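Report on the structure
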Amino acid sequence: MGTPDTTREPCPDCILDDMGGAFGMGITGGSVYHFIRGIYNSPAGARLSGGAQYVRMNAPKVGGSFAVWGGLFSTMDCAMVYARQKEDPWNSIIAGAATGGLLSLRQGFRASGRAALFGGAILALIQGVQLIAADKVASAAQQQQVFMGEAASLPPAQVYGQSVPVPETSSASEAGSGSWFGGLFGKGKQKGSEDKSGSKTQVLESFDAPPVPTYEFN
């Protein structure tokens with residue numbers, strides 16, 4: 001059993017809501033389309049006025065057609081919900097097919113059948129895209145919850161893949177002097193101290209001790 005759609009008004013309030021939304025969509029799209037068409041078909045010097053005249057003449061018709069389609073579709077959808085006593089994508093698919101067939105009924109049964117198949121296919125495509133998007137959003141939210149749960153059980157330093165720092169001891173610091181960094185600076189310091197001590201020794205050895213007086217007189 002499908003879950004009820006909480007993003008729209010309940011029946012029968014959704015009928016007026018869908019009619020108003022469809023009328024606004026038709027007015028907006030029809031105004032843009034017929035304004036561009038009027039500018040293209042009008043002579044030079046009267047393109048803006050020609051575009052505005054095209055909008056006044058044709059945009060309300062497009063808006064009315066959209067409103068009729070939206071109202072009839074919403075009515076069929078509510079009827080399917082009442083008849084089947086559940087809400088699922090099949091209600092919208094059947095409502096789209098019935099709406100397309102009824103609106104094309106004046107052109108004959110063959111045209112009505114083609115319009116019904118086309119309307120059902122369009123609604124099936126829309127419902128499929130909506131289901132895939134909802135599944136993606138739900139899986140992403142679930143993965144985020146799992147990640148947050150795992151991150152809460154880890155130490156703060158390991159949340160983003162970092163290791164916990166280990167405090168260095170005196171032996172580690174002495175051993176570190178033999179690394180490449182210590183080899184560059186530590187050995188230089190040791191060599192300098194050895195050179196200094198050696199120079200002191202050489203200076204002391206270079207001086208001869210003074211002779212000891214004997215105080216003997218011949």
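Please refer to the structure placed before this passage.
Here's a quick rundown of the structure.

Criteria and thresholds
Residues numbered from 1 in each chain as written. Predicted model: local features only at pLDDT ≥ 70, side-chain atom pairs only at ≥ 80, totals over all residues. Heavy atoms only, no water. Helix = DSSP H or I, 4+ residues; strand = E, 2+ residues; numbered from the N terminus. Contact = heavy atoms within 4.5 Å. Areas by Shrake-Rupley, 256 points an atom, 1.4 Å probe, with all protein chains shown as cover. Expected span 1.5 Å × (residues − 1). Bend = angle between axes of the 7 residues up to and from the residue. Buried < 20%, exposed > 50% of the residue type's maximum accessible area, 1.4 Å probe, protein only. Polar contact = N/O pair within 3.5 Å; in protein donor to acceptor, adjacent residues only side chain to side chain. Axes fitted to C-alpha atoms, helices over the stretch in contact; angles between N-to-C directions. Parallel < 35°, antiparallel > 145°, perpendicular 65-115°, else oblique. Left-handed = near helix turned anticlockwise from the far one by under 90°. Nonpolar A, V, L, I, M, F, W, Y, C, P; charged D, E, K, R; others polar. Salt bridge = Lys/Arg side-chain N within 4 Å of Asp/Glu carboxyl O.

Details of the overall build of the chain
What the chain contains, in helices and strands, is six helices and zero strands. Across the chain, every contact between residues at least 6 apart in sequence was considered, and the portion connecting residues at least 24 apart equals 52%. As displayed, the chain offers around 16,700 Å² of accessible surface, 64% of which is attributable to carbon and sulfur atoms.

A word on helix 2 (residues 47-84)
Under the 1.5 Å per step criterion, the end-to-end length of helix 2 is 53 Å for 38 residues, consistent within 8% with the ideal 56 Å. The largest bend in helix 2 is about 35°, located at N58, with the proline P60 one to four residues further on.

Things to note about the side chain of Q127
Examined against the element boundaries, Q127 turns out to sit in helix 4 (residues 109-152). On the basis of relative accessibility, which here comes to 14%, the residue Q127 falls in the buried class. At 3.4 Å, the side chain of Q127 forms a polar contact with the side chain of S92. Excluding its chain neighbours within four sequence positions, the residues that come into contact with Q127 are P89, S92 and I93.

Observations concerning unusual backbone geometry
In this model, Q85 sits at a positive phi of 60°, which is unusual for a non-glycine residue. Here Q85 is to be found in the loop between helix 2 and helix 3 (89-103). The class for Q85 is exposed, based on a relative accessible area of 58%.

Observations concerning the packing of helix 1 (residues 13-41) against helix 2
Contact geometry of helix 1 with helix 2 gives a least axis separation of 5 Å together with a crossing angle of 155°. As the angle between them shows, helix 1 and helix 2 are arranged roughly antiparallel. As for how helix 1 packs across helix 2, the hand of that crossing is right-handed. Here the residues of the contact of helix 1 with helix 2 sort into 20 nonpolar, 15 polar and three charged.

As for the pattern of salt bridges
Evaluated as defined, the whole model comprises one salt bridge. With a shortest N-O distance of 2.7 Å, D88 and R84 are connected by a salt bridge. Classification of R84 as partly exposed rests on a relative accessible area of 28%.

A word on the environment of V81
Position of V81 relative to the elements: it lies in helix 2. Through-space distance from the C-alpha of V81 to that of N91 is 6.6 Å; in sequence the pair is 10 residues apart. Residues contacting V81, with those up to four places away along its chain left out, are K86, E87 and N91.

A few points about the side chain of S42
Residue placement: S42 occurs in the loop between helix 1 and helix 2. Of the residues examined, S42 reaches a relative accessible area of 10% and is grouped as buried. Engagement of the side chain of S42 in a polar contact is seen with the backbone oxygen of G38, the distance being 2.5 Å. Excluding anything up to four places from it in sequence, S42 contacts R47, G50 and G51.

Comments concerning helix 1
Spanning 29 residues, helix 1 covers 42 Å between terminal C-alpha atoms, matching the ideal 42 Å at 1.5 Å per step. Listed in full, the buried residues belonging to helix 1 are C14, I15, A22, G26, G30, H34 and G38. Here the buried face of helix 1 lies against helix 2.

Digging into the packing of helix 2 against helix 3
Look at helix 2 against helix 3: their axes get within 8 Å of each other, and the N-to-C directions meet at 135°. When the axes of helix 2 and helix 3 are compared, the pair comes out oblique. For the crossing formed where helix 2 meets helix 3, the hand is right-handed. Side by side, helix 2 and helix 3 meet where V68, W69, L72, F73, M76, D77, M80, V81 and R84 of the first sit next to W90, N91, S92, I94, A95, G96, A98, T99, L102 and L103 of the second. A class-by-class count of the residues in the contact of helix 2 with helix 3 yields 13 nonpolar, four polar and two charged.

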